[in-house]
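# Tertiary structure, described
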Amino acid sequence: LGRLTVSIEAKLHQLPTSVLAQLVRDYSVMHLRPDLLLGHLSKRLLSSSSAVAKLTPREVAMVGHAFAKLGEPSPLLWEKLVKYVGERTEDFELHDLSQVLWAMATVGQPLALRATVRLEDWKLRELNPSDVSRLHWGLARLLPKSPPPIDRGVKNRDGGGGSEGK
């Protein structure tokens with residue numbers, strides 16, 4: 001693995017960003033911290049305003065998940081990832097969305113999800129238990145803590161009206 005890492009690091013400038021994203025994710029899965037690779041990917045993604053926008057939702061999920069798992073502090077990069085996810089939430093497959101939500105919740109990044117995201121039953125059935133857990137935990141951490149307002153016109157379970165006039 002050491003020789004492979006040296007070979008990769010020697011060619012970092014030649015590798016496409018998508019390959020760098022996959023490599024960072026692969027290293028994070030092995031609980032290895034490739035500092036040179038992380039630094040190079042961060043620098044590349046921050047080099048232009050459109051660098052993150054050129055990534056696919058899957059690549060954004062891989063980068064976010066890897067950076068969160070490795071505890072990589074890069075506030076400017078996280079800001080760009082949060083913006084990407086907030087603007088393109090509906091483009092994510094549920095597996096990738098669960099990873100990126102977990103990552104953002106893990107590092108404490110606030111995220112405004114678009115209201116158009118619908119988690120349909122058939123899509124939820126495609127998730128494995130780890131994805132369901134990440135999705136649940138991420139949403140629980142990222143969504144507002146206060147309950148939605150209660151509609152006073154809704155009938156109670158016993159069939160009676162709301163609390164008005166009592």
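Refer to the structure printed above.
Being a predicted model, the structure only gives us computed values, none of them experimental.

## What about the overall build of the protein chain?
Looking only at helices and strands, one finds eight helices and zero strands in the protein chain. Helices and strands in the protein chain line up, N terminus first, as α-α-α-α-α-α-α-α. Within the protein chain, the fraction of its 166 residues that count as buried is 37%. In the protein chain, of all internal contacts separated by at least 6 residues, the share reaching a separation of at least 24 is 70%. Only carbon and sulfur atoms are counted for the fraction: they give 56% of the accessible area of the protein chain, which is about 10200 Å².

## Observations regarding the packing of aromatic side chains
Counted under the stated rule, the structure contains one aromatic pair. Consider the rings of Tyr84 and Phe92, whose centres lie 6.1 Å apart with planes at 90 degrees: the pair is edge-to-face. Exposure class is identical for Tyr84 and Phe92. Each is buried.

## Digging into the pattern of salt bridges
Enumeration over the complete set of coordinates arrives at seven salt bridges. Measuring nitrogen to oxygen at the nearest pair gives 3.6 Å for the salt bridge that ties Asp26 to Arg25. Its relative accessible area of 29% is what places Asp26 among the partly exposed residues. Exposure remark for Arg25: the relative accessible area of 24% places this residue in the partly exposed category. Among the ionic pairs, Asp91 bridges to Arg88, the shortest N-O distance being 2.9 Å. Given a relative accessible area of 39%, Asp91 falls into the partly exposed group. On the basis of relative accessibility, which here comes to 27%, the residue Arg88 falls in the partly exposed class. By sharing partners, the salt bridges in this structure join Arg33, Asp35 and Glu72 into a single network.

## A few points about the packing of helix α5 (residues 75-88) against helix α6 (residues 94-107)
Interhelical geometry of α5 versus α6 gives an angle of 140 degrees and a closest axis separation of 12 Å. Taken together, the axes of α5 and α6 are oblique relative to one another. Remark: the crossing between α5 and α6 carries left-handed chirality. Only Val100, Ala103, Met104 and Val107 of α6 make contact with α5, whose side of the interface consists of Trp78, Leu81, Val82 and Val85.

## Notes on the layout of surface pockets
Quantified by volume, the second largest pocket comes out at close to 160 Å³. Looking at the second largest pocket, the residues that line it are Ser49, Val52, Ala53, Lys80, Lys83, Tyr84, Glu87 and Arg88. Of the residues in the lining of the second largest pocket, the class split is three nonpolar, one polar and four charged.

## Some points on the nonpolar core
Counting 39 residues, the largest nonpolar core has Val60, Val63, Phe67, Leu81, Phe92, Val100 and Met104 as its most contacted members. Looking at this core, the elements with two or more residues in it are α2 (17-29), α3 (35-46), α4 (57-69), α5, α6 and α8 (129-142).

## Section: the side chain of Gln99
Structurally, Gln99 is set in helix α6. For Gln99, a relative accessible area of 10% gives the class buried. If near-sequence neighbours (up to four positions away) are discounted, Gln99 is found in contact with Ala61, His65 and Arg134.

## What to know about the environment of Pro57
Here Pro57 lies in helix α4. Classification of Pro57 as buried rests on a relative accessible area of 12%. C-alpha of Pro57 to C-alpha of Asp96: the two residues are 39 residues apart in sequence and 7.2 Å apart in space. With residues near it in sequence (within four places) discarded, Pro57 still touches Tyr84, Arg88, Asp91, Phe92 and Asp96.

Criteria and thresholds
Residues numbered from 1 in each chain as written. Predicted model: local features only at pLDDT ≥ 70, side-chain atom pairs only at ≥ 80, totals over all residues. Heavy atoms only, no water. Helix = DSSP H or I, 4+ residues; strand = E, 2+ residues; numbered from the N terminus. Buried < 20%, exposed > 50% of the residue type's maximum accessible area, 1.4 Å probe, protein only. Contact = heavy atoms within 4.5 Å. Areas by Shrake-Rupley, 256 points an atom, 1.4 Å probe, with all protein chains shown as cover. Phe/Tyr/Trp six-rings, centres within 6.5 Å; stacked < 30°, edge-to-face > 60°. Salt bridge = Lys/Arg side-chain N within 4 Å of Asp/Glu carboxyl O. Axes fitted to C-alpha atoms, helices over the stretch in contact; angles between N-to-C directions. Parallel < 35°, antiparallel > 145°, perpendicular 65-115°, else oblique. Left-handed = near helix turned anticlockwise from the far one by under 90°. 1 Å grid on protein atoms, 1.4 Å probe; cavity = no way out; pocket = protein on both sides within 12 Å on 5 of 7 lines; lining within 4 Å. Points joined across faces, edges and corners; volume = space filled by probe spheres on them. Nonpolar A, V, L, I, M, F, W, Y, C, P; charged D, E, K, R; others polar. Core = buried A, V, L, I, M, F, W, Y, C linked by side-chain atoms within 4.5 Å.

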